[in-house]
Amino acid sequence: MVVLEGDGDAATMTPEDVEKSEPKITNPLSLEIFRIIKDAQQQHGLRHGDFQRYRGFCSRRIRRLRKVLKIPQGDRRHYRRRDVTSTHLTSSNSENRLLCVPLLQAERAWAHAMQLRQEANTEPRKKFHLISRLKKACAHAHLLLQLCEESGVCDARTQLEAGAYAAWLSGALLVELQQWRPAAESLKRAQIVLENLCAALPEDERIIYKQKVEELNPSLRYCAYNIGDESAAGDLVAMRGQGLIENLDSLMAQAKESRSGVMHEVEWRGRRVTVRPEKVRLFLIALQDMDKSIANATTAQAKIDILENILMDCKDAISAIKDEIKNDPKLKTASETQMSSINYLLSYLMYLRLARTIERNNLMIQQAEEARKTNTPIDGKKVRPQDLTRLYEIILQNYTELQQLPGFENDSTYQQEIETQVKAYKAFRCYYIAQVLTGLRRFREALAMLERCSSYTADSIKNKHQEKQILEKLRVLEKDIESCKFEVHADSVLEDEEDEDKYVGKAYKDKKPLVDRLDDYREDTQVLTKNPNIYKLPPPMEAVPCKPLFFDLACNFIEFPNLDDKTGVANKKQGAGITGLVKGFLGWGKGGQ
């Protein structure tokens, strides 16, 4: 019995009541231990074997976490040790970062030990310090495992990873202490857990665990060699009776159930993809309830509003994935045989966006057709066939984008499904284009368009993979095509009769001059007026070829005949000569006299 002190009254509670009164954690804590430490090691020195740099990073990170989580170890003057306990994890404001504190403490001690191993080559005494640091790392790792198991707020995957991590550090310590058989047991325990995690996780998350399993193989072979029994390593595979291995199967089942209950992965066209970005995960969870919301909506406009909100969220999710790909160059690379998971997820979201856009446009078409039948305007405008043609054109553009989705250009099944829908929507578009042409009194083009519409409709109805809703619309369209053909034919005949009546017994005026329409007989009274339209004066300007350039060049080399005798120039010269002779003979014209 537990006695609680209240406001003057004492109440007794049984342990069962205490357990019921504790707050239940609805969302279990999750920590991907091996992925976190792998990323931290690659980004902070271990890519180049710089353990000191990684150790400094762990210290700074622990200091920041303690400050944010409000669990400092004393003040500036006094030190008071404060570890993360189960109380912290079961409180109402618990979070995943609480588990990072013991994890980083273990990593800091392990990094210090590896730094001392490098220095022990020249200073053997540092090996003792190395062992003490490894013991410290094991203590923190087992504290992390204890928190995950006893608190009851961590999911199964976190417990498995914490157990494998603690077993690995214990094996590393026992190898340094040259206790070969216990070391082999610990390392094999960690290897079995990691292998089972690989089997349960999606393909893109297995790389880190496979690498860790391969790292353990040399240590296991070394332990087996020192034991002296070559078959010792093989016998350890059957070990499942102690420690973490005894509840391995149940934990693996819990991990699969937790992954299926929360939107951590999505399956599309036979492939399962892990969803990492939080914004994408929230969008996919909200998408599950969208169909119910659309079904409960009473009007087409309400359904359109719901779809537009979903499209905005989908756009944000696509931007989040593109930013993740842009920030991490490794995600851009895909294998030769199969595209990467992040790119596959991006294609899936683009498919969702285009599919929901097509659904929204279909609702807009439905709304426009109903308004057209009842002759009611939408947004103050009367619905025309051009408006419906434009909507069907947008749908066909969306299907074209669906055909060009990355990774599905060569998927024959997918392309065939899209082509089936495209042919049906082409039939609807041709029908409304024919109505537009009929309104423009272009009856021949309208009949040709109706013939094409009839061909598309027949092919779409024969297709077995056609959607039921579209198939019903196609059957209605097939009847409308026949009636529309008769209407267009009747309108064309009536127009010909009107043209004949227009020229009989009525004055006819034409802007063409009479010379251009001599083959057509019309009673044109304008010809008998004062200004008859017989020929256009002045005639229109016509382009003529210019003078060839070589005549200008040859002009300087042509010798023209002497025409002085014909122009009278020769006679004038002769008269002037006789007069001068007489003047000179008689002495006239001399300036000195």
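About the thresholds
- Residues numbered from 1 in each chain as written.
- Predicted model: local features only at pLDDT ≥ 70, side-chain atom pairs only at ≥ 80, totals over all residues.
- Heavy atoms only, no water.
- Helix = DSSP H or I, 4+ residues; strand = E, 2+ residues; numbered from the N terminus.
- Buried < 20%, exposed > 50% of the residue type's maximum accessible area, 1.4 Å probe, protein only.
- Expected span 1.5 Å × (residues − 1).
- Core = buried A, V, L, I, M, F, W, Y, C linked by side-chain atoms within 4.5 Å.
- Axes fitted to C-alpha atoms, helices over the stretch in contact; angles between N-to-C directions.
- Parallel < 35°, antiparallel > 145°, perpendicular 65-115°, else oblique.
- Left-handed = near helix turned anticlockwise from the far one by under 90°.
- Nonpolar A, V, L, I, M, F, W, Y, C, P; charged D, E, K, R; others polar.
- Pairing = 2+ DSSP bridges.
- Patch = residues over 30% accessible without salt bridge, like charges linked within 9 Å, V, L, I, M, F, W, Y side chains within 5 Å.
- Areas by Shrake-Rupley, 256 points an atom, 1.4 Å probe, with all protein chains shown as cover.
- Salt bridge = Lys/Arg side-chain N within 4 Å of Asp/Glu carboxyl O.
- Lys, Arg positive; Asp, Glu negative; His and termini not counted.
- Charge placed at Lys NZ, Arg CZ, Asp CG, Glu CD.
- Contact = heavy atoms within 4.5 Å.
- Phe/Tyr/Trp six-rings, centres within 6.5 Å; stacked < 30°, edge-to-face > 60°.
- Lys NZ or Arg CZ within 6 Å of the ring centre and 35° of its normal.
- Disulfide = S-S within 2.5 Å.

A few points about the overall build of the protein
Then step 1. Helix and strand content of the protein: 22 helices and four strands.
Then step 2. The buried share of the protein, reckoned over its 593 residues, is 36%.

Some details on helix H5 (residues 97-119)
Then step 1. A rise of 1.5 Å per residue sets the reference length of H5, with its 23 residues, at 33 Å; its end C-alpha atoms lie 33 Å apart and thus fit the reference within 8%.
Then step 2. Most of H5 sits out of view: 18 of its 23 residues are buried.

What to know about the nonpolar core
Then step 1. Core analysis: the biggest nonpolar cluster contains 67 residues, and Tyr54, Leu99, Trp110, Tyr165, Trp168 and Leu169 have the highest contact counts within it.
Then step 2. A total of 13 residues in this core trace back to one element, the largest contributor, which is H5.
Then step 3. The next biggest cluster of nonpolar side chains, apart from the first, holds 64 residues, and it includes Val273, Phe283, Ala317 and Ile470.

Section: the packing of helix H14 (residues 300-327) against helix H15 (residues 341-374)
Then step 1. Close contact between H14 and H15 brings their axes to 9 Å; oriented N to C, the two are set at 160°. In this view, H14 runs roughly antiparallel relative to H15, as classed from their interaxial angle. The element H14 and its partner H15 pack so that their crossing is left-handed.
Then step 2. In terms of residue class, the contact of H14 with H15 is built from 15 nonpolar, four polar and eight charged.

Observations regarding the pairing of strand S4 (residues 271-274)
The side chains of a regular strand alternate between both faces of the sheet.
Then step 1. With four bridges connecting them, strand S3 (residues 265-268) and S4 associate as antiparallel partners. By the bridge assignment for S4, Trp268 is matched with Arg271.
Then step 2. The turn linking S3 back onto S4 is made up of two residues, and Arg269 within it adopts a positive phi angle of 55°.

Side note on a positive patch on the surface
Then step 1. A cluster of basic residues, Arg53, Arg60, Arg63 and Arg64, forms a positive patch on the protein surface.
Then step 2. The topology assignment puts Arg53 in helix H3 (residues 51-69).
Then step 3. Judged by relative accessible area, Arg53 falls into the partly exposed class, the value being 43%.

Let's talk about the pattern of salt bridges
It is possible for side chains bearing opposite charge to pair when their charged atoms get close.
Then step 1. The full count for this structure, using the stated rule, is 17 salt bridges.
Then step 2. Between Asp39 and Arg35 there is a salt bridge, with its nearest N and O atoms 3.5 Å apart. You can see Asp39 and its partner Arg35 sitting in helix H2 (residues 33-43), four residues apart, about one turn around the helix.
Then step 3. A relative accessible area of 33% means that Asp39 is categorised as partly exposed.
Then step 4. Across the salt bridge formed by Lys485 and Glu451, the nearest N and O atoms sit 3.0 Å from each other. You can see Lys485 sitting in helix H19 (residues 468-503) and its partner Glu451 sitting in helix H18 (residues 443-462), a full 34 residues away along the chain.
Then step 5. One salt-bridge network, in which partners are shared between bridges, spans Glu32, Arg35, Asp39, Arg157, Glu161 and Glu205.

What to know about the side chain of Asn398
Then step 1. By the secondary structure assignment, Asn398 is in helix H16 (residues 385-403).
Then step 2. Overall, the relative accessible area of 7% leaves Asn398 in the buried class.
Then step 3. Other than its neighbours up to four places away in sequence, Asn398 contacts Leu354, Thr357, Ile358 and Asn361.

Some remarks on the packing of aromatic side chains
Then step 1. Evaluated as defined, the whole model comprises 20 aromatic pairs.
Then step 2. A ring pair is formed by Tyr165 and Trp168, whose centres lie 5.8 Å apart and whose planes are at 45°; its orientation type is tilted. Taken together, the positions of Tyr165 and Trp168, both in helix H7 (residues 156-176) and three residues apart, correspond to about one turn of that helix. Taken as a pair, Tyr165 and Trp168 share a single burial class, namely buried.
Then step 3. Taken together, Phe34, Phe51, Trp110, Tyr165, Trp168 and Tyr209 form an aromatic cluster joined through their ring pairs.
Then step 4. Looking at Lys212, its charged tip hangs above the ring of Trp168, at a distance of 3.5 Å from the centre.
Then step 5. The lysine or arginine in question, Lys473, covers the ring of Phe428, its NZ or CZ lying 5.0 Å from the ring centre.

Considerations on the state of the cysteines
Each disulfide consists of a covalent bond between the sulfur atoms of two cysteine residues.
Then step 1. Evaluated as defined, the whole model comprises zero disulfides.
Then step 2. No disulfide involves Cys154; its sulfur sits 4.0 Å from that of Cys148, the nearest cysteine.

With respect to a nonpolar patch on the surface
Then step 1. A surface patch of nonpolar side chains, amounting to about 530 Å² of accessible area, comprises Val515, Leu518, Ile534, Tyr535 and Leu537.
Then step 2. Summarising the element assignment, Val515 is placed in the loop between H19 and helix H20 (549-554).

What about the packing of H5 against H7?
Then step 1. The geometry of H5 relative to H7 is characterised by a closest axis approach of 13 Å and an angle of 25° between their N-to-C directions. Classified by the interaxial angle, the pair formed by H5 and H7 is roughly parallel. The handedness of the crossing between H5 and H7 is left-handed. Two secondary-structure elements touch here, H5 through Leu99, Leu103, Ala106, Glu107, Trp110 and Arg117 and H7 through Thr158, Tyr165, Trp168, Leu169 and Glu176.
Then step 2. Taken together, the residues of the contact of H5 with H7 break down into seven nonpolar, one polar and three charged.

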